[in-house]
Amino acid sequence: MSSDRIVIVDFGSQVTQLIARRVRESGVYCEIVPVGQADARLPDLAPRGVILSGGPASAADPDAPQVPEAVLALGVPVLGICYGQQALCVRLGGAVEGGHAREFGRATLEVTAPCTLFDGVWPVGRHAQVWMSHGDRVTRLPDGFRAVAVSDGAPFAVIADDRRHHYGVQFHPEVVHTPDGAALLAAFTRGVCGLAGTWTMAAFRDQAIADLRRQIGAGRVVCGLSGGVDSAVTALLLHEAIGDQLTCIFVDTGLLRTGEAAEVVDVFRGHYNIPLIHHDAAALFLSRLAGVTDPETKRKAIGAAFIEVFEHQAATIGGARFLAQGTLYPDVIESVSATGGPSVTIKSHHNVGGLPARMGLDLVEPLRMLFKDEVRALGRALDLPEAFVGRHPFPGPGLAIRIPGEVTPERLDTLRRADAIYLDELRTAGLYDAIWQAFAVLLPVRTVGVMGDGRSYDNALALRAVTSIDGMTADFYPFDMAFLGRVATRIINEVPGINRVTYDVTSKPPGTIEWE
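Quick caveat, the model's predicted, so the values are computed rather than measured. (Residues numbered from 1 in each chain as written. Predicted model: local features only at pLDDT ≥ 70, side-chain atom pairs only at ≥ 80, totals over all residues. Heavy atoms only, no water.)

### Some points on the side chain of His 166
For clarity, the threshold we go by: A run of H or I in DSSP counts as a helix once it spans at least four residues, and a run of E counts as a strand once it spans at least two, with each numbered from the N terminus. Contacts are assigned to residue pairs that have any heavy atoms within 4.5 Å of one another.
Structurally, His 166 is set in strand 11 (residues 166–169). Beyond its immediate chain neighbours, meaning those up to four positions away, His 166 contacts Leu 72, Val 76, Val 78, Leu 88, Leu 92, Phe 145, Ile 159, Ala 160 and Asp 161.

### Here we look at the nonpolar core
When a protein is soluble and globular, its nonpolar side chains tend to lie buried together. Under the convention used in this document: In this description, a nonpolar core means a group of buried Ala, Val, Leu, Ile, Met, Phe, Trp, Tyr and Cys residues linked to one another through side-chain atoms lying within 4.5 Å. Note on classification: 1.4 Å probe, protein chains only; a residue is buried when its accessible area is under 20% of the maximum for its type, exposed when over 50%, partly exposed between these limits.
Core analysis: the largest hydrophobic core is formed by 93 residues, its most contacted members being Phe 268 and Phe 479. In terms of residue count, the dominant contributor to this core is helix 7 (residues 229–242) (9 residues). Discounting residues that sit within four places of it in the chain, Phe 479 has contacts with Tyr 422, Leu 426, Leu 431, Ile 435, Ala 465, Leu 484 and Tyr 503.

### Some details on the packing of aromatic side chains
Working definition: an aromatic ring pair is given by the centre-to-centre distance plus the angle between the planes. Condition: Within 6.5 Å between ring centres, the rings of Phe, Tyr and Trp (the latter by its six-membered ring) count as paired, and their orientation is classed by plane angle as stacked under 30 degrees, edge-to-face over 60, tilted in between. Counting as a charge over the ring demands two things of the Lys NZ or Arg CZ atom: a distance within 6 Å of the ring centre and an angle within 35 degrees of the ring normal.
Following the criterion strictly, the structure yields 11 aromatic pairs and no others. Seen from their ring centres, Phe 306 and Phe 310 are 5.5 Å apart, and the 40° between their planes marks the pair as tilted. Residue Phe 306 and its partner Phe 310 are both found in helix 10 (residues 295–317); the two are separated by 4 residues, about one turn of the helix. By relative accessible area, Phe 310 is classed as buried at 1%. A connected cluster of aromatic rings, assembled from ring pairs, spans Tyr 477, Phe 479, Phe 483 and Tyr 503. Cation over ring: Arg 391 sits above Phe 388, and NZ or CZ is 4.5 Å from the ring centre. Its end group placed over the ring of Phe 439, Arg 402 keeps NZ or CZ at 4.0 Å from the ring centre.

### As for the confidence of the model for the chain
Heads up, the condition is: As a per-residue measure, pLDDT reflects the predictor's confidence and takes values from 0 up to 100.
Across the chain, the average pLDDT comes to 88, with 92% of residues at 70 or higher. Helix 11 (residues 329–335) is the least confidently modelled element of the chain, averaging 62 in pLDDT, while strand 3 (residues 49–52) averages 98, the highest of any element.

### Things to note about the pattern of salt bridges
Formally: One side-chain nitrogen of Lys or Arg within 4 Å of one carboxyl oxygen of Asp or Glu is enough to make a salt bridge.
Evaluation of the coordinates by the stated rule reveals 28 salt bridges. The partner of Glu 386 in a salt bridge is Arg 380, with the nearest N and O atoms 2.9 Å apart. A relative accessible area of 47% places Glu 386 in the partly exposed class. The partner of Arg 486 in a salt bridge is Glu 425, with the nearest N and O atoms 3.4 Å apart. A residue pair is termed long-range when its members are at least 10 positions apart, and Arg 486 in helix 15 (residues 481–494) and Glu 425 in helix 14 (residues 409–428) qualify at 61 residues. When its relative accessible area of 9% is taken as the criterion, Glu 425 is described as buried. One network of salt bridges, in which partners are shared, links Arg 21, Arg 22, Arg 24, Glu 25, Asp 373 and Glu 374.

### Re the sheet that holds strand 14 (residues 276–280)
Definition in use: At least two bridges found by DSSP between two strands are what make those strands a pair. To define axes, lines are fitted to C-alpha atoms, for helices over the stretch in contact only, and angles between the resulting N-to-C directions are given on a 0 to 180 degree scale.
Read across the sheet, 5 strands follow the order 14-13-12-15-16 without closing on themselves; strand pairing throughout is parallel. In this open sheet, the two edge strands, each paired with only one partner strand, are strand 14 and strand 16 (362–364). Strand-to-strand twist of the sheet, defined as the mean angle between neighbouring strand axes without regard to direction, takes the value 30°. Sheet topology places strand 12 (residues 220–225) next to strand 13 (residues 246–252); 5 bridges connect them, and they run parallel. Residue pairing across strands places Val 221 opposite Leu 246, the latter belonging to strand 13. Relative to the sheet, helix 6 (residues 201–216) contacts strand 12, strand 15 (320–324) and strand 16, its axis offset from that of strand 16 by approximately 170°.

### Description of unusual backbone geometry
The phi torsion of most residues other than glycine is negative, and most of the peptide bonds are trans. Lys 508 connects to Pro 509 through a cis peptide bond whose omega is -15°. Structurally, Pro 509 is set in the segment after strand 20 (498–503). The peptide bond linking Pro 509 to Pro 510 adopts the cis configuration, its omega dihedral lying at 15°. Phi is positive for His 165, close to 60°, though the residue is something other than glycine. Within the secondary structure, His 165 sits in the loop between strand 10 (154–161) and strand 11. Look at His 165 and you get partly exposed, because its relative accessible area is 36%. Residues other than glycine seldom take positive phi values, yet Asn 273 does so here, at roughly 55°. Within the secondary structure layout, Asn 273 lies in the loop between helix 8 (260–271) and strand 14. Take Asn 273: its relative accessible area is 61%, and that puts it in the exposed class.

### Observations regarding helix 2 (residues 38–45)
Just so we agree on the cut-off: The arc under discussion is defined with respect to the helix axis, by the directions toward the C-beta atoms.
Those residues of helix 2 not exposed but buried are Ala 38, Leu 42 and Leu 45. All buried residues of helix 2 project into a common sector of 70° when viewed along the axis, lining one side. Exposed residues pointing more than 90 degrees away from the buried face of helix 2 are listed as Ala 40, Pro 43 and Asp 44. Its buried side turned inward, helix 2 meets strand 1 (5–10), strand 2 (29–34) and helix 3 (69–73). Just downstream of helix 2 lies Ala 46, where phi reads positive at about 45°.

### Some remarks on helix 8
This is how the line gets drawn: One less than the number of residues in a helix, times 1.5 Å, gives the span that helix is expected to have.
Counted at 1.5 Å a residue, the expected span for helix 8 with its 12 residues is 16 Å, and the 15 Å between its end C-alpha atoms agrees. All of the buried residues in helix 8 are Glu 260, Ala 261, Val 264, Val 265, Val 267 and Phe 268. Asn 273 sits one or two positions beyond helix 8 and adopts a positive phi of about 55°.

### With respect to the packing of helix 9 (residues 282–289) against helix 10
Worth spelling out the cut-off: Each crossing gets its handedness from the near helix: less than a right angle anticlockwise from the far helix is left-handed, clockwise is right-handed. Each residue is assigned to one class: nonpolar for Ala, Val, Leu, Ile, Met, Phe, Trp, Tyr, Cys and Pro, charged for Asp, Glu, Lys and Arg, and polar for all the others, Gly among them.
At a closest axis distance of 10 Å, the pairing of helix 9 and helix 10 adopts a crossing angle of 145°. Taken as a pair, helix 9 and helix 10 cross one another with a handedness that is right-handed. Contact with helix 9, carried on its side by Leu 284, Phe 285, Arg 288 and Leu 289, involves Lys 298, Ala 301, Ile 302, Ala 305, Phe 306, Glu 308 and Val 309 of helix 10 and no other residues of that element. Tallied by class, residues from the contact of helix 9 with helix 10 come to 8 nonpolar, no polar and 3 charged.

### Describing the packing of helix 14 against helix 15
Two numbers describe how helix 14 lies on helix 15: the axes approach to 10 Å, and their chain directions differ by 145°. Of the two elements, helix 14 crosses helix 15, and the hand of that crossing is right-handed. For the pair formed by helix 14 and helix 15, the contact residues are Arg 417, Ala 418, Ile 421, Tyr 422, Asp 424, Glu 425 and Leu 426 on the first element and Phe 483, Arg 486, Val 487, Arg 490, Ile 491 and Glu 494 on the second. Among the residues making up the contact of helix 14 with helix 15, the classes are represented as 7 nonpolar, no polar and 6 charged.

Put into structure tokens, the structure is as follows:
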């Protein structure tokens, strides 16, 4: 993998991670490097090609981020996307101006000349749908470049320097609204850069095991199990790599769904015979959440309590040098700016941001560069039971962030019962595997209802279900109304304290998948 790598230089686009997804789908391994770190990291990474992402800046601004010197010094093929195209032109002597015809949304592009980037995708004369999102545009090409496609708002919609293998596209091939975008990225990574496209989860597994053995040596590792697929795959990968040097710690926070604690213990202690410490800390976590209503405060309180409990349990093992976590790429992206700059942090994740120095443990995060669907593929490669592999994502803070307002034992019990009914109906209807994530949210709202011949004044519940590929963007699932009516009826009839059920039809963006 180290020699068959693409690097994506991130200029701060909200969809840079989608470029990585599309590249990996073509069987090519890639990593994202913030533009400010590119000069330092690119020589060691030695990629076979570089992709320059979009970004919010204007390339016409003299203070805008520039194409790093290391990108051009490598002498490898370069593909600039949107801002990346503009920055590449400015860096090489072209010109970019604002104030021209803007293009946002679907646009039609016409292929005007042959180009290696179009091989097997677009013939000359093709009119293709693409997704544009730009206000600036290239107005003068650098020496050596030619235009090979145009659109109404971009006379240099696709440009090419065939000698240096430098290319630029004004549109976004990484989004699904550019139907041929994935094929174009594959034409770059495999056709232009000459990569074989043989990267798979099996290859990642073998490489990750070798890397873990190198990093850990003879040291002992503790791994936090949460009940979700991420930590489960992390534990199995470590178990293959280092065997009995691993001890798993399952902290039962009291914020899990019905039956999850027993299932985790059964799978890892019973099925895999992995050393497992099961610690019930529900009372501690609930005490820390008493009176807390702000979602960020909840997350931080849960994270602090988790570290506290973990620190105590790890000390009982003796000799542990490493802590393993199931941190994923989306966790890192949402918690820390992808560019290392002033971008807004969407939400804090309890497993991102390091550990207290007093613990004296080094982090092991073998899944940190993977997206959720890739983790599931790795789980299957590790023979993790399908019940775990196909489980919907579950947040580290658990049900606490599905109860806006204060978390109490009574509200947790109400939510568990409603959520179990919802998931049961999904499975009965054969819909569970078609949905990325589904859950119930107990609202801090009471509504008037009529139950029997009496008036009720009870809780409202929201149902959420989304489809997604990697969790970075999501759309609500279009349930048949009869299904929603059936679920609502069961919940109201079987769960005391709920008299109204709603369905959330917000996509991501503008919303997040979880409510808090």
